[in-house]
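A structural walkthrough
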Amino acid sequence: MAESVFDTFYSKFVETIQDSDLVHFEHELALSLEHHFFASKHGRKDEWDQSIAALPNVKTDNYRFDQGTVKIGDSTELEIGLSEFEDQLKRFMPWRKGPFDLFGSQIDTEWRSDWKWDRIAPHISSLKDRQVLDIGCGNGYHLFRMFGAGAKLALGIDPTLLFFYQFQLLSRFLPALPIHLLPLRGEHLPSFGQFDTVFSLGVLYHRRNPIDHLTELLGFLAPGGEVVLETLIVDGDRSTVLMPTDRYAKMSNVWFLPSTDALVVWMHRAGFKNVRIADINQTSTQEQRTTQWMNFHSLSDFLDPSDHNKTFEGYPAPKRAVIVADKPG
Ligand code: SAH
């Protein structure tokens, strides 16, 4: 029986936070993990544990997180052939967020998550020496970019177990770095009041109660801290909010798509100030697409085949805004 990755990840996280104020939340986080995570079963957990244990036992100091492709190691450090290694990595498909270059293996993910980062990075306060939190971080692609941009601690949370395993897979090749992923939901976290920057990218529309989500984000921030929100929006004025009657772009878990003006109202009412719209972008089928690392349907299958400005269901096609705002000091 392979050792479970769960047995080790929390102690590594606890070690890192000993010198920060987050140490006060150690017990509360442990209880939350106990309650929401360790108690839950997942059908592929044993299989993933075995696949992690079978990976090459190599650690590298050769990494770069300040470029579009998050790069860890190169092919000369690997004691097995590249195609054998890629077979191992493909056991963790679908790879959605990236791209990564892992010991020369180019993981061409469903999303060009680097494009999202490029739309965000010019508009936010420098991350140098900041403690940052990424709610709904997927496999942690943006956590690596945040650390690469100078953050002193990059903590992510995401409840999807596969993404937690992908993050463990990537981290096991690296030295101990202050980059962590806890397999939790935003609603399961304490109101830290500590983080300098809090990110919520591509999460708000998955929440049944978006105002609660914004209130939680405010609670995670230190006074004067910055929130960076990225979410699906629609055209319209401050009274426009689309609630799909059923699926949106074939996703069953999409609840509210506000206009940017409506979102600004939500942000103010949740308690943020200095709310600014940094970017608006219609998602292209080059940014989100099927690849050999994610061979399910992707954006082009979710759109109206005769009009890519509409979803399959006839709603406006996915358009995303980046909003930056401050917590009052
Ligand atoms: N932030 C990444 C991933 C967005 S995909 C990016 O922008 O590229 C949305 C992610 O939110 C998924 O990984 C999903 O597991 C996670 N998620 C869904 N509900 C959540 C919740 N309540 N709290 C935290 N994360 C959640």
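Residues numbered from 1 in each chain as written. Predicted model: local features only at pLDDT ≥ 70, side-chain atom pairs only at ≥ 80, totals over all residues.

As for the overall build of the chain
What the chain contains, in helices and strands, is 10 helices and 17 strands. Since a compact globule built from 329 residues should have a radius of gyration of about 20 Å, the 20 Å found for the chain is in line with a globular shape. Structurally, the chain occupies a C-alpha span of about 60 × 50 × 35 Å along its principal axes. In the chain, which comprises 329 residues, the proportion classed as buried is 38%. (Helix = DSSP H or I, 4+ residues; strand = E, 2+ residues; numbered from the N terminus. Rg over C-alpha atoms; globule rule 2.2 N^0.38 Å. Buried ≥ 20, exposed ≤ 12 C-beta atoms within 10 Å, placed from the backbone.)

Considerations on the site of the ligand
Around the ligand lies a shell of 19 residues, among which Gly136, Gly138, Thr160, Leu201 and Gly202 are the nearest. A breakdown of the residues in the shell around the ligand according to their chemical character gives 7 nonpolar, 7 polar and 5 charged. (Near = placed C-beta within 6 Å. Nonpolar A, V, L, I, M, F, W, Y, C, P; charged D, E, K, R; others polar.)

Describing the packing of helix α8 (residues 210-220) against helix α9 (residues 260-270)
Relative to each other, α8 and α9 sit at 50 degrees, their axes nearing to 9 Å. In this view, α8 runs oblique relative to α9, as classed from their interaxial angle. Crossing of α8 over α9 shows right-handed handedness. Contacts from Pro210, Ile211, Leu214, Thr215 and Leu218 of α8 reach α9 at Trp266, Met267 and Ala270. (Axes fitted to C-alpha atoms, helices over the stretch in contact; angles between N-to-C directions. Parallel < 35°, antiparallel > 145°, perpendicular 65-115°, else oblique. Left-handed = near helix turned anticlockwise from the far one by under 90°. Contact = placed C-beta atoms within 7 Å.)

Section: the pairing of strand β11 (residues 221-233)
The element β11 is largely enclosed, with a buried count of 10 among its 13 residues. Pairing analysis gives 6 bridges linking strand β10 (residues 195-201) to β11, with the strands arranged parallel. Following the sheet pairing, Thr197 is matched in β11 by Glu226. Relative to strand β17 (residues 319-326), β11 is paired through 8 bridges, and the arrangement is antiparallel. Residue pairing in the sheet places Glu226 in a bridge with Asp326 of β17. (Pairing = 2+ DSSP bridges.)

Comments concerning the sheet that holds strand β4 (residues 100-102)
Two orientations exist for strands paired in a sheet by backbone hydrogen bonds: parallel and antiparallel. As summarised here, the arrangement of the 4 strands in space is β1-β2-β4-β5, forming an open sheet in which the pairing is mixed. Looking at the sheet topology across the chains shown, the edges are occupied by β1 (63-64) and β5 (105-107). By the bridge criterion, 3 bridges tie β4 to β5 in an arrangement that is antiparallel. Residue pairing across strands places Phe100 opposite Ile107, the latter belonging to β5. Along the sheet, helix α4 (residues 82-90) makes contact with β4 and β5, crossing β5 at roughly 30 degrees.

Some words on the environment of Arg96
If you trace the backbone, Arg96 turns up in the loop between α4 and β3 (97-98). When the C-alpha atoms of Arg96 and Ala262 are compared, they prove to be 30 Å apart, with 166 residues separating the residues in sequence. The residues contacting Arg96, other than those within four sequence positions of it, are Thr109, Glu110, Trp111, Gly138 and Met294.

Quick word on the sheet that holds strand β14 (residues 273-282)
If you trace the 7 strands from one edge of the open sheet to the other, you get β9-β8-β7-β10-β11-β17-β14, paired in mixed fashion. Every interior strand has two partners, whereas the edge strands, β9 (179-182) and β14, have only one. On average, adjacent strands in this sheet sit at an angle of 15 degrees to one another, irrespective of strand direction. The pairing of β14 with β17 spans 7 bridges and is antiparallel. Within β17, the residue paired with Gln282 across the bridge is Lys319.

A look at the nonpolar core
One broad trend across soluble globular proteins is that nonpolar side chains are buried collectively. Counting residues in hydrophobic clusters, the biggest one holds 79 residues, and the most contacted among them are Val132, Ala154 and Val198. In contact with Ala154, not counting residues within four places along its chain, are Val132, Asp134, Leu143, Met146, Phe147, Pro178 and Ile179. (Core = buried A, V, L, I, M, F, W, Y, C linked by C-beta atoms within 7 Å.)

Here's the deal with the packing of helix α1 (residues 6-17) against helix α2 (residues 26-38)
One can describe the packing of α1 onto α2 by two numbers: an axis separation of 12 Å at closest approach and a directional angle of 160 degrees. Relative to α2, the element α1 lies roughly antiparallel. You can see that α1 and α2 cross each other, and the crossing is right-handed. Where α1 approaches α2, its residues Phe6, Tyr10, Val14 and Ile17 are matched on the opposing element by Glu26, Ala30, Leu33 and Phe38. Counted by class, the contact of α1 with α2 contains 7 nonpolar, no polar and 1 charged residues.

Section: unusual backbone geometry
For the bond from Met93 to Pro94, the omega torsion is 0 degrees, close enough to zero to count as cis. Residue placement: Pro94 occurs in the loop between α4 and β3. A cis amide bond, omega 15 degrees, links Gly98 with the succeeding residue Pro99. Take Pro99: it is sitting in the loop between β3 and β4. The backbone of Asp129 sits at a positive phi, close to 65 degrees, despite the residue not being glycine.

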